[in-house]
Structure formats: C-alpha cells, structure tokens
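Each chain, written out:
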Protein chains: 2
Amino acid sequence: MLWQVDPTAPQPLYEQLASSVRRAVADGTVTIGERLPSAKDVAASLDVNLHTVLRAYQVLRDEGLIELRRGRGAIVTAAHPGHARVASLVEQLVGEASSIGLGRAELAKLIQKGT
Amino acid sequence: MLWQVDPTAPQPLYEQLASSVRRAVADGTVTIGERLPSAKDVAASLDVNLHTVLRAYQVLRDEGLIELRRGRGAIVTAAHPGHARVASLVEQLVGEASSIGLGRAELAKLIQKGT
DNA sequence: ACCTATTTGTCCGTATGTATG
DNA sequence: CCATACATACGGACAAATAGG
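Computed from a predicted structure; not experimentally measured. Residue indices begin from 1 for each chain and proceed along its sequence in written order. As they are written, the chains are lettered A onward and the ligands numbered 1 onward, keeping that order. Owing to the predicted nature of the model, reporting of local features is limited to residues with pLDDT of at least 70; listing and counting of side-chain atom pairs is limited to 80 or more, with chain, interface and lining totals taken over all residues. Hydrogen atoms and water are omitted, and side-chain values are computed over all heavy atoms in the structure.

Caption draft 1: Structural detail: the protein's contact with DNA strand D. A single heavy atom is enough: if one lies within 4 Å of a molecule or strand, its residue is considered near that molecule or strand. Near DNA strand D there are 25 residues, and of these A:Leu13, A:His51, A:Thr52, A:Arg55 and A:Arg69 occur at the shortest range. Pairing of N or O atoms within 3.5 Å defines a polar contact, subject to two protein rules: one partner must be a possible hydrogen donor and the other a possible acceptor, and residues neighboring in sequence count only if both atoms are side-chain atoms. Interatomic distance of 3.0 Å between a backbone N/O atom of A:Arg70 and a sugar or linking oxygen of DNA strand D. Backbone polar atom of B:Ala39 to a phosphate oxygen of DNA strand D: 3.0 Å apart, as the coordinates give it. Runs of E in the DSSP output that reach at least two residues are strands. Runs of H or I that reach at least four are helices, and both are numbered from the N terminus. In terms of residue count, the dominant contributor to the surface near DNA strand D is helix H3 (residues 50–62) of chain B (5 residues).

Caption draft 2: Spotlight on the interface of chain B and chain A. Any two residues having at least one pair of non-hydrogen atoms within 4.5 Å are treated as being in contact. If you look at the interface, chain B gives 23 residues, while chain A gives 23 residues. A quick way to say it: buried area is the sum, across both parts, of accessible area lost when two parts are put together, with a 1.4 Å probe. Taken together, both faces of the contact between chain B and chain A bury some 2100 Å²; the carbon and sulfur share is 75%. Basic side-chain nitrogens of Lys or Arg form a salt bridge, by our definition, when they fall within 4 Å of a carboxyl oxygen of Asp or Glu. For the interface between chain B and chain A, the tally reads 2 salt bridges. Across the salt bridge formed by A:Glu96 and B:Arg85, the nearest N and O atoms sit 3.7 Å from each other.

Caption draft 3: Representation of the nonpolar core within the structure. Counting 23 residues, the largest nonpolar core has B:Leu36, B:Val53, B:Tyr57, B:Leu65 and B:Ile66 as the members making the most contacts within it. Only helix H1 (13–26), helix H2 (39–46), H3 and strand E3 (73–76) of chain B provide two or more residues apiece to this core. Those residues in contact with B:Val53 that sit more than four places away from it in its chain are B:Leu17, B:Ala39, B:Val42, B:Ala43 and B:Val48. What is meant by a nonpolar core is a set of buried Ala, Val, Leu, Ile, Met, Phe, Trp, Tyr and Cys residues, joined one to another through side-chain atoms within 4.5 Å. Burial classes follow relative accessibility: with a 1.4 Å probe on protein chains only, a residue under 20% of its type's maximum area counts as buried, one over 50% as exposed, and anything between as partly exposed. A:Trp3, A:Ala18, A:Ala24 and A:Leu60 belong to the second-largest nonpolar core, a separate cluster that totals 22 residues.

Caption draft 4: Main features of the relation of the copies chain B and chain A. With an RMSD of 0.1 Å, the fit of chain B onto chain A corresponds to turning through 180° and sliding 0.0 Å along the axis. The symmetry that links the two subunits is that of a two-fold axis. Among all C-alpha atoms of chain B, that of B:Ala108 lies closest to the rotation axis, at 2.2 Å. Most of the interface of chain B is mirrored in chain A, where 100% of its interface residues again form contacts. Superposition of the copies used a least-squares fit over C-alpha atoms from residues whose pLDDT is at least 70 in both.

Caption draft 5: Focus on the sheet that holds strand E2 (residues 66–69) of chain B. Residue and element names in this part refer to chain B. Strand order in this open sheet of 3 strands is E1-E3-E2, and the pairing throughout is antiparallel. Every interior strand has two partners, whereas the edge strands, strand E1 (35–36) and E2, have only one. Two strands make a pair as long as DSSP finds a minimum of two bridges between them. Bridge count for E1 against E3 is 2 bridges, and the pairing is antiparallel. Across the sheet, arginine 35 pairs through a bridge with isoleucine 75, a residue of E3. Against the sheet, H3 makes contact with E1, E2 and E3, and its axis sits at roughly 125° relative to E2, the strand it touches most. An axis is simply a line fitted to the C-alpha atoms; with a helix, the fit covers only the stretch in contact. Between two such axes, the angle follows the N-to-C directions and lies from 0 to 180 degrees.

Caption draft 6: Local environment of the packing of helix H4 (residues 81–99) of chain A against helix H4 (residues 81–99) of chain B. Following both chains from N to C, one finds H4(A) and H4(B) inclined at 155°, their axes separated by 9 Å at the closest point. In terms of orientation, H4(A) and H4(B) fall into the roughly antiparallel class. For H4(A) against H4(B), the interelement crossing comes out left-handed. Within the contact between the two elements, H4(A) uses A:Arg85, A:Val86, A:Leu89, A:Val90, A:Gln92, A:Leu93, A:Glu96 and A:Ala97 and H4(B) uses B:Arg85, B:Val86, B:Leu89, B:Val90, B:Gln92, B:Leu93, B:Glu96 and B:Ala97. Under the grouping applied here, Gly and all other residues not named as nonpolar or charged are polar, the nonpolar ones being Ala, Val, Leu, Ile, Met, Phe, Trp, Tyr, Cys and Pro and the charged ones Asp, Glu, Lys and Arg. Residues belonging to the contact of H4(A) with H4(B) are distributed by class as follows: 10 nonpolar, 2 polar and 4 charged. Working rule for angles: under 35 degrees goes down as roughly parallel, over 145 as roughly antiparallel, 65 to 115 as roughly perpendicular, anything else as oblique. Crossing handedness follows the turn of the near helix against the far one: under a right angle anticlockwise gives a left-handed crossing, and clockwise gives a right-handed one.

The structure is reproduced here in structure tokens:
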C-alpha cells in the first residue's frame, strides 16, 4: 500500500499516516482481514518514529477501521472508513446512553430533533 | 480536587487521572468554567510524566468533558460526564453520518433498529 | 510445556512548535 | 516581547499478549 508523509505539511504525521490507510481501504488496496505492516516496519521504511505510527493505528482503531492486538498486529475490519466510523460511533453511543438511562428510542428522538 | 494514582493498579495511569477528573466533575468538586491545574503542575505534584497527564486530558476532551487550548489550559465544559460523553458522540455521529449521506432521520432509524 | 521472537501498550524523558495572555 | 500551556515528534525502556518452533 501507499504511505504518504510530508513533514512540512500542516497536518500531523500521525494523521497523514491514518489518512494513507483510510485511502488504501477506501480504494480497495487493502481489504477486510488483511494485516497492515507492523508499526515498526512502517516507522523504519518512512523514517518516522514508532510511536507516531502506533498513534495513527490507534486513531484508526477508535474509528472502527482496524483491530489492534499485541503480538498480532493491525487487521482491517471494515471495507469503508466512513461506514466503519459511523458504526463505531453508534455502538459507543448506544452503550454510553444506556449507562445514563437512555434507550434506543430516546436516542433516536434526540438525534432526530437536533440536540 | 482529589487526584488519585496507584502505579500498581491494573488501569493505566492516564485512565486513573481521567477518572479522578470525572469523579470531581460528577460530585461538583469542580464546576463548569473552572480551569483544571496545568498538566505540568499535576505531573509534578503526582510525580508522573507530563505526557501521561496530557493524555488523560485528551481523553476527557474526546469525551466532551473539557476543552483544551494552548496557552489557556483545560476548562471544564460540562457538569455531568455521562451526558457530556453522549452529547459529544451524538455530535460526532451526526457529522460523520452526513459525510456518507446519512441524515438525522436515517440515523434515528438505524439506532432504533439495533445495528 | 517451554522458550523465543514479534507486536502493540504504557510510561518516561527531551526537544521543538504553536496558540494564548 | 515574554511566559505559560498544550501539541507533536523523537528516543528509550519495559510490560503484556500473541504466535510459532
């Protein structure tokens, strides 16, 4: 896959790295079930710090696009970044809402009304 | 406010720090508009690393509980952690959904159905 | 069952940048 | 102009989970 990083760009490196993965997933360069190269390898090949790559991976995990596990690496779990993000947010939202006593029906109303 | 950290606990330090703030907000020890002590001060007083405190603050920002700004610090923006989190998620969700062509009505249906 | 290598997770330290006051 | 405070990036160290021999 294509990794693009430009140290002079206004966006942080970790965000550029995350975008590279999102782009690759979006255009089918990498597909569900595939494993991304280890953060160490990416860092070495791009000459950026290991932590910077790990941070990008964690961003993508929070978006629901990949799954991260020690010893295993980063596995792509969704085909469309946008959909994965929405699905992830819905899941989190339903969980958090229930913890303050809001069910799906109340949530639906709340969203439809516009806060 | 009360900062509790236990290096031997299973939870990460940054999560323990975030919990301390959540607790303080929940019980009214700190209120909306108040500023949390600078990450540097917290780090020094608890003898933890600056980044660990900053990470905790960033978690709380993602939850919608505080606002972070360079030079200004961390300002509490919500009275109830749970509500802030839900509101933050709703806001993000509506935004992300619209970027993939989903409006509030479709979202509401999607949430009500249960994935 | 054991050991080793791999890979992410956390924490520490340092340096520099950027926005605020 | 200068001090404050968060943001990013680099580096190193160790822990924990996984996979494979």
